[in-house]
Amino acid sequence: SKKKINKFAFVNWLITFQLMNKKNKIILNSFKKSLIASCQPVPRGPLDKPSFVLASAKASIIGGAKALRIEGFQNLKLIKKNLNLPVIGIKKRVSKKHPIIITPLLSDIEKLSELGADIIAFDSTLRERPYSVGSLISKIHSCKRIAMADCSTIKDAMIAIENGADILSTTLSGYTNKKSPPKNPDFKLLNQLIKKFKVPIIAEGRFNTPLFYKKAIKAGAHAVVVGTALNRIELITKSFLNED
């Protein structure tokens, strides 16, 4: 009967949900209070090659990184083929139509999921976008992946949580207007997110010194993403020459 089918479907859904919950907890706990290496070279720079991304990831792991943030399908494919630790997958797209760059499309989520990203991060800011925050999170969950909302403000975070985001990050603070980003990380936003929400909060965006890393962990960040300070040699070199 219809009632039996519905009951069976519900039990099936509940088992799947519980298994996913358990799996997600294991993934999230594996990099708690640690460093996530964002292995993203300068686009179209001399190091922008999947082989460098893999070498950079391996070196970061030797140094103690417990997870990776990887951009692009080719890079993700190579990383998942060779390394066994949690990966936050993203796809960047620059478009004249809208300012959203990080994982703007549902098809990006599908592809990142197929290639094995454990967590899929996306731009969760309140700007014009091809797909709503809610539809992106639904898609990530339908692919049985963890949804990470890259935020710029507390309001972004609230909307992401209302739509079911599993992780919040400070990634886009300082990058959503035409001004140059500040030099230091946004500890104010980080502390607000930690106080207000029960989900894991990831510190990302200019956490480029060991002191900033330690301060973020001490404040209660679940983990800290470090990228430019580890991988972007062009920008690291320039920072020495630009220091006042």
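Scroll up a little and you will see the structure.
In short, a report on the structure.

Reading the values: rules and limits
- Residues numbered from 1 in each chain as written.
- Predicted model: local features only at pLDDT ≥ 70, side-chain atom pairs only at ≥ 80, totals over all residues.
- Heavy atoms only, no water.
- Helix = DSSP H or I, 4+ residues; strand = E, 2+ residues; numbered from the N terminus.
- Buried < 20%, exposed > 50% of the residue type's maximum accessible area, 1.4 Å probe, protein only.
- Pairing = 2+ DSSP bridges.
- Right-handed = clockwise from strand over helix to strand, strands pointing away.
- Axes fitted to C-alpha atoms, helices over the stretch in contact; angles between N-to-C directions.
- Parallel < 35°, antiparallel > 145°, perpendicular 65-115°, else oblique.
- Left-handed = near helix turned anticlockwise from the far one by under 90°.
- Contact = heavy atoms within 4.5 Å.
- Nonpolar A, V, L, I, M, F, W, Y, C, P; charged D, E, K, R; others polar.
- Core = buried A, V, L, I, M, F, W, Y, C linked by side-chain atoms within 4.5 Å.
- Phe/Tyr/Trp six-rings, centres within 6.5 Å; stacked < 30°, edge-to-face > 60°.
- Lys NZ or Arg CZ within 6 Å of the ring centre and 35° of its normal.

## Details of the environment of lysine 144
Stage number 1. The residue lysine 144 is located in the loop between helix 5 (133-142) and strand 5 (146-150) in this model.
Stage number 2. Between the C-alpha atom of lysine 144 and that of methionine 20, which follows or precedes it by 124 residues, the distance is 7.1 Å.

## Brief notes about the pairing of strand 2 (residues 67-71)
Stage number 1. Across the 5 residues of strand 2, 5 count as buried, placing the element largely inside the fold.
Stage number 2. Burial along strand 2 is two-sided: Ala67, Arg69 and Glu71 and Leu68 and Ile70, pointing in opposite directions, are all buried.
Stage number 3. In this sheet, strand 2 lies alongside strand 1 (residues 34-38) in parallel orientation, the contact comprising 3 bridges. Bridging across to strand 2, serine 38 finds its partner in arginine 69.
Stage number 4. In this region the chain leaves strand 1, passes through helix 2 (residues 50-63) and returns to the parallel neighbour strand 2; the handedness of that crossover is right-handed.
Stage number 5. As defined by bridge partners, strand 2 adjoins strand 3 (residues 87-90) across 4 bridges and the pair is classed as parallel. The partner of isoleucine 70 across the bridge, within strand 3, is glycine 89.
Stage number 6. Crossover strand 2 to strand 3 through helix 3 (residues 73-82) is right-handed.

## Quick notes on the packing of helix 4 (residues 106-114) against helix 5
Stage number 1. It is at 10 Å that the axes of helix 4 and helix 5 come closest, and there the two elements cross at 20 degrees. Between helix 4 and helix 5, the interaxial angle falls into the category roughly parallel. Relative to helix 5, helix 4 is oriented so that their crossing is right-handed. For the pair helix 4 and helix 5, the contacting residues are Leu106, Ile109 and Glu110 in the first and Ser135, Leu136, Lys139 and Ile140 in the second.
Stage number 2. Split into classes, the residues belonging to the contact of helix 4 with helix 5 amount to 4 nonpolar, 1 polar and 2 charged.

## Quick notes on the nonpolar core
Stage number 1. Leu68, Ile79 and Leu168 are the most contacted members of the largest nonpolar core, which totals 46 residues.
Stage number 2. Not counting residues within four places of it along the chain, the set of residues in contact with isoleucine 79 comprises Val53, Leu54, Ala57, Leu68, Ile70 and Val87.
Stage number 3. In this structure, Leu28, Ala67, Ile88 and Ile167 belong to the second largest nonpolar core, which totals 17 residues.

## Here's the deal with the environment of cysteine 143
Stage number 1. By the element assignment, cysteine 143 lies in the loop between helix 5 and strand 5.
Stage number 2. In sequence terms cysteine 143 and arginine 44 are 99 residues apart; their C-alpha atoms lie 30 Å from each other.
Stage number 3. For cysteine 143, the contacting residues outside a window of four places in its chain are Ile109, Glu110 and Ser113.

## Here we look at the packing of aromatic side chains
Stage number 1. Counted by the stated rule, this structure contains 2 aromatic pairs.
Stage number 2. Ring centres of phenylalanine 187 and phenylalanine 207 lie 5.3 Å apart, and the angle between their planes is 75 degrees; this geometry places the pair in the edge-to-face category. Here phenylalanine 187, found in helix 7 (residues 187-196), pairs with phenylalanine 207, found in the loop between strand 7 (201-204) and helix 8 (210-219); they are 20 residues apart in sequence, far enough to count as distant. Phenylalanine 207 shares its class with phenylalanine 187; the two are buried.
Stage number 3. Grouped by ring-pair contacts, the aromatic residues Phe187, Phe207 and Phe212 constitute a single cluster.
Stage number 4. We note lysine 215 situated over the ring of phenylalanine 187; from NZ or CZ to the ring centre the distance is 4.2 Å.

Without other data, these values stay purely geometric and don't point to any function.
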